[in-house]
Each structure stands twice: as structure tokens, then as C-alpha cells.
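Working through the structure, step by step
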Amino acid sequence: MSTAPNVAVIGAGPAGLTAARRLRNGGASVVMVAPEATSEYLPGALAVATGDASAASYRTRVDLAGLEIVPGRAEAIEPGRIRVDGSWRRVEAVVAAPGLALDRVGSTMAGPVLGFWDPSGAEAAAPRLAAVEQGIVDVVISSVPYRCPPAPYGLAMRIARWARRRELAVEVRLRTPERHPLEVLGRTLGDVLLAACADAGVEVRLGAVVDPEALAAGAVTEDPVDHRRAALTIVIPPHRASPLVAGLLRGESPLVPVDERFATEMSGVFVVGDAAASPYPRADGPAAWSGTVAADAVLAELGVADAQSPATPQADCFVDHGDGAYGRFRISYPDGPPPNGQPDIAVEPPARARARDFDDAFGRWRALRAEGAAR
Ligand SMILES: Cc1cc2nc3c(=O)[nH]c(=O)nc-3n(C[C@H](O)[C@H](O)[C@H](O)COP(=O)(O)OP(=O)(O)OC[C@H]3O[C@@H](n4cnc5c(N)ncnc54)[C@H](O)[C@@H]3O)c2cc1C
């Protein structure tokens, strides 16, 4: 006779996946809910946008031993239960890791403005970018927070060098509401990004004001108004909370308030990864770390194990410079969490050899989800 699973994990991104593995290895009975039992590697979006890879190549089936995987979307969370496909399942704790949702930008049909920030969206954008033979391509960060702070700068540099390789008369501009790129991490990384963009021929405009209502209708309006129309405007859409955790939000932020164990105000419900209001960047390392912290807290509450999670995460963000070269920002918190602990920042300059590191990171990401292939 099967017993009801004790812990539900929702989402198979870095946060949910790490939580599920930690819970299973700690002796809990785990049910994981993931759409189509798949997971998408978000950093692949840039290569997909320029037509150098397919979205499918960055999607993998989740096949983990010793836990139940339910292909589908969780629809609701209540203390002690979750609803999937209209049916409630009883659980003793929930770790929700749905990431962030993206607002729709304009129409999905042809037009000069489109939005994406994942490989699937990038695949729809690729033919539109490929059709640009001259003129301006704008990359617009519509609002903060957004996933992976350096990545839009990487997208702009990748497009600029991609166009130059094709000898196209294309000018790439980046617009951001930030007063300085990645300003919450100090000035160093922003200075590095601005210099890199200048080197790639990308013009950066800081402090741009983008009207969210116009954006939803497919128009980008800015202050100050820019009279040079772009042939294509790529928008990093406003990031919203998943509807699943909307009831846990407070104020205007799309991030769910959590305590230091990633527990929410709802009993037995933890929110981890990009969806949680933690002081760390929206990046893979901090997401995975939060999954570990929450899993350890759940295991301790269930009396199954008493593990010690690391005190702070490390973020490794690749910076695409185009033409196959990647730099990397490594951010750690040796003095403890912000705002008291200052981030320790290491900048690795762009090199073609680092493309292998990018591929290796993807390989590790995929291997974590594909235990079945190794059986
Ligand atoms: C273009 C780009 C480049 C990036 N580059 C880097 C990088 O170089 N380094 C780095 O560290 N980070 C990078 N990131 C950021 C990193 O990918 C994210 O921070 C990380 O994926 C967040 O993990 P997560 O588990 O919280 O959410 P996600 O990875 O978004 O996963 C959430 C999962 O939950 C699922 N889900 C959502 N709702 C439900 C539901 N109701 N029921 C069930 N499942 C649900 C989703 O389908 C998804 O699979 C990049 C992101 C982007 C977009």
C-alpha cells in the first residue's frame, strides 16, 4: 500500500530541484509538480534568440529516482494541501518554487515590439531578429527586478556582434530604468558592463522610463522621447509573481516575503528561488541555495533530519559578449547576508574558452534532472 507523500515541491527550476533532492536524500517522501515533467534552462535564451540553438535543446525531462513526479501545474496552495488538475492532495509541507511570471508585451503577431525572457519566448523572437537587415535594434529592460541582472547587457552585445559578423548596418541600443547597471551590488559590475557594451558598440541609456500600460499594448514610450524608431524592440518584460503565490504577496513587489528559512506566513508553506524576497540576485546559485535552506527547515520540522545549510549563497553569472566569448561575474557573501555583509565580487574577463564553462554549467544542470538516464 502506498502512503501519501509528506512534502510537495512545486517547480523543477534550480530552487525546486535542489529542494526535492535534499528532501528525498534527507528521508522525506516527496511529490514534485512540474509542467509536462520538464524543466527549461533559462540562460539558453540568448543563443536561441540569435538562432544559434533551439529552445528544445535547453529543455529536459525531469527524471528523479525515489520521488513521485506529477506532470502538471499546481493551481492552489493551502496549509496541509495543494491542488493539481482540480484534485487536492494532502501534504505535510509545501516548498513552492514557481519562479517569476512574465507580463505579455504587445502582440505575438508581427510588429516592431516583442518581449521574451526564456528560451521558448526567444524562439518566437528569433525569426523577427533574423529579418532585421538594417536600422536600430533596441533592448529594453522594462522594470526591476528581472532574472539575471547582467543578461540583458549580454543579449545586446550578442546581437551587436552577431549583426557585425553578418556585415549588417544594425545599431544596438540598451535602455534600462537602472541608474547604474546592477547598482544594488555596488559600482564595479556596472562599470564593467558599461565598458563592455561600449566595446561591442552598444549604446546604453540609463534611467529610461518605460510606461507599462503602453508596453502591454505593444508600444515602448520613453522619457525623454526618442524620435529614432527602432526596426525591432526587444523588451525584457515586467516580471510578476506566479498566480500560485499571489495570495502571499504584500505591497507592490512581485516577491513573496519569507523569513530566513524561506518560510512564508502560511503554516507549513515555504517559497524559494526567484519568487522569494531574498536580498540576493535572481540567479541559479541563490535559487538552489534557498531550496536547500527550506528543505533543511522542513526536514527539521518533520523531525526527519537535522542538516546544516551553508550560511549564504554564491552566484555565478555568465556574461555573453557575443562571437562565442563569455565573461563571468562571481558574487559571494563571506561576511554574511546583505545589507550588513558586503558582496565579494570577482570579474572574469571575456574569453572564447569560457564558452566551455557555459556548456559545462548547462551539462551539470541537466544531469541533476536526469538521474533516470544514468540508471
Ligand atoms: C536569459 C537568462 C540568463 C540567465 N543567466 C544566468 C546565469 O548566467 N547565471 C545564473 O546564476 N542565473 C542565470 N539566470 C537566472 C536563473 O536562470 C534563475 O535565477 C533561476 O532559474 C531561478 O530558479 P527558480 O527555480 O527560482 O525558477 P525557474 O528556473 O524559473 O523555475 C521555475 C519552474 O517552476 C515551474 N512552474 C511555474 N509555475 C508552476 C506551477 N503552478 N506548478 C508547477 N510548476 C510551475 C516553471 O515551469 C519552471 O520550470 C538567467 C536567467 C535568464 C532569463
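Reference entry: report on the structure contained in this document. Note that the structure is a prediction, hence the values are computed from the model and not measured.

Basis of the calculations
Residues numbered from 1 in each chain as written. Predicted model: local features only at pLDDT ≥ 70, side-chain atom pairs only at ≥ 80, totals over all residues. Helix = DSSP H or I, 4+ residues; strand = E, 2+ residues; numbered from the N terminus. Rg over C-alpha atoms; globule rule 2.2 N^0.38 Å. Buried ≥ 20, exposed ≤ 12 C-beta atoms within 10 Å, placed from the backbone. Contact = placed C-beta atoms within 7 Å. Near = placed C-beta within 6 Å. Nonpolar A, V, L, I, M, F, W, Y, C, P; charged D, E, K, R; others polar. Axes fitted to C-alpha atoms, helices over the stretch in contact; angles between N-to-C directions. Parallel < 35°, antiparallel > 145°, perpendicular 65-115°, else oblique. Left-handed = near helix turned anticlockwise from the far one by under 90°. Pairing = 2+ DSSP bridges.

**Details of the overall build of the chain**
Broken down by element type, the chain carries nine helices and 22 strands. Its C-alpha atoms give the chain a radius of gyration of 21 Å, near enough to 21 Å, the size a compact globule of 375 residues would have. Viewed in the frame of its principal axes, the chain has a C-alpha envelope of about 65 × 45 × 45 Å. Residues classed as buried in the chain amount to 46% of the 375 residues present. Intrachain contacts of the chain at a sequence separation of at least 6 include 69% that bridge at least 24 residues.

**What about the site of the ligand?**
In the vicinity of the ligand there are 39 residues, among which Gly11, Gly13, Gly99, Cys148 and Gly273 approach most closely. Mapped onto the shell around the ligand, the elements with two or more residues apiece are α1 (14–25), β2 (30–34), β3 (38–40), α2 (45–49), α7 (284–302) and β20 (314–322). Of all the elements, β20 adds the most residues to the shell around the ligand, at four residues. Considering only residue class, the shell around the ligand consists of 23 nonpolar, eight polar and eight charged.

**Things to note about the environment of Val347**
Mapped onto the secondary structure, Val347 falls in strand β22 (residues 344–351). By the C-beta count within 10 Å, which is 14 here, Val347 ends up partly exposed. As for Val347 and Leu17, which are separated by 330 residues in sequence, their C-alpha atoms are 28 Å apart. Beyond its immediate sequence surroundings of up to four residues, Val347 is in contact with Val192 and Phe329.

**Some remarks on the packing of helix α4 (residues 151–165) against helix α5 (residues 188–200)**
Close contact between α4 and α5 brings their axes to 9 Å; oriented N to C, the two are set at 15°. Judged by the inter-axis angle, α4 sits roughly parallel to α5. Two packed elements cross with a definite hand, and for α4 against α5 that hand is left-handed. Contacts between α4 and α5 involve Tyr153, Ala156, Met157, Ala160 and Arg161 from the first element and Leu193, Ala196, Cys197 and Ala200 from the second. The class makeup of the residues in the contact of α4 with α5 is eight nonpolar, no polar and one charged.

**Section: the packing of α1 against α7**
In contact at an axis separation of 7 Å, α1 and α7 are set at 35° when each is read in the N-to-C sense. For the element pair α1 and α7, the recorded crossing hand is right-handed. Residue-level contacts link Pro14, Ala15, Gly16, Thr18, Ala19, Arg22 and Leu23 of α1 to Asp284, Ala287, Ala288, Ser290, Gly291, Thr292, Ala294, Ala295, Asp296, Val298 and Leu299 of α7. Residue composition of the contact of α1 with α7, grouped by class: ten nonpolar, five polar and three charged.

**Examining the sheet that holds strand β11 (residues 113–115)**
Pairing between sheet strands relies on hydrogen bonds along the backbone, with the strands arranged either parallel or antiparallel. Spatial ordering of the open sheet is given by β11-β17-β12-β13-β14, a layout of five strands whose pairing is parallel. Lying at the two open borders of the sheet, with one neighbouring strand each, are β11 and β14 (202–205). Between one strand and the next, the sheet's axes are offset by a mean angle of 20°, whatever the strand orientation. One ladder, built from four bridges, connects strand β13 (residues 169–175) with β14; its direction is parallel. In the strand pairing of β14, Arg175 is matched with Arg205. Here α4 sits on the sheet and contacts β12 (134–141), β13, β14 and β17 (232–236); the angle it forms with β13, its principal contact strand, is near 175°.

**What about the sheet that holds strand β1 (residues 7–10)?**
As summarised here, the arrangement of the five strands in space is β5-β2-β1-β9-β19, forming an open sheet in which the pairing is parallel. Of all the strands in the sheet, just β5 (68–71) and β19 (269–271) have a single pairing partner and so form its edges. Between one strand and the next, the sheet's axes are offset by a mean angle of 20°, whatever the strand orientation. Alignment of β1 against β2, held across four bridges, turns out to be parallel. Bridge pairing links Ile10 to Val33 in β2. Seen against the sheet, α1 touches β1, β2 and β9 (93–96) and runs at an angle of roughly 160° to β1. Where α7 meets the sheet, its contacts fall on β1, β9 and β19, and the angle it forms with β9 comes to roughly 180°.

**Digging into the pairing of β12**
Bridge count for β12 against β13 is seven bridges, and the pairing is parallel. Across the sheet, residue Asp138 finds its bridge partner in β13, namely Arg173. As judged from the five bridges shared by β12 and β17, these two strands associate in the parallel manner. Each residue of the ladder has a partner; that of Asp138, found in β17, is Thr233.

**Observations regarding the environment of Ala263**
On the secondary structure map, Ala263 appears in the loop between β18 (239–241) and β19. For Ala263, a count of 19 C-beta atoms within 10 Å gives the class partly exposed. In sequence terms Ala263 and Ala130 are 133 residues apart; their C-alpha atoms lie 45 Å from each other. Not counting residues up to four positions away in its chain, the partners in contact with Ala263 are Val258, Phe270 and Ala297.

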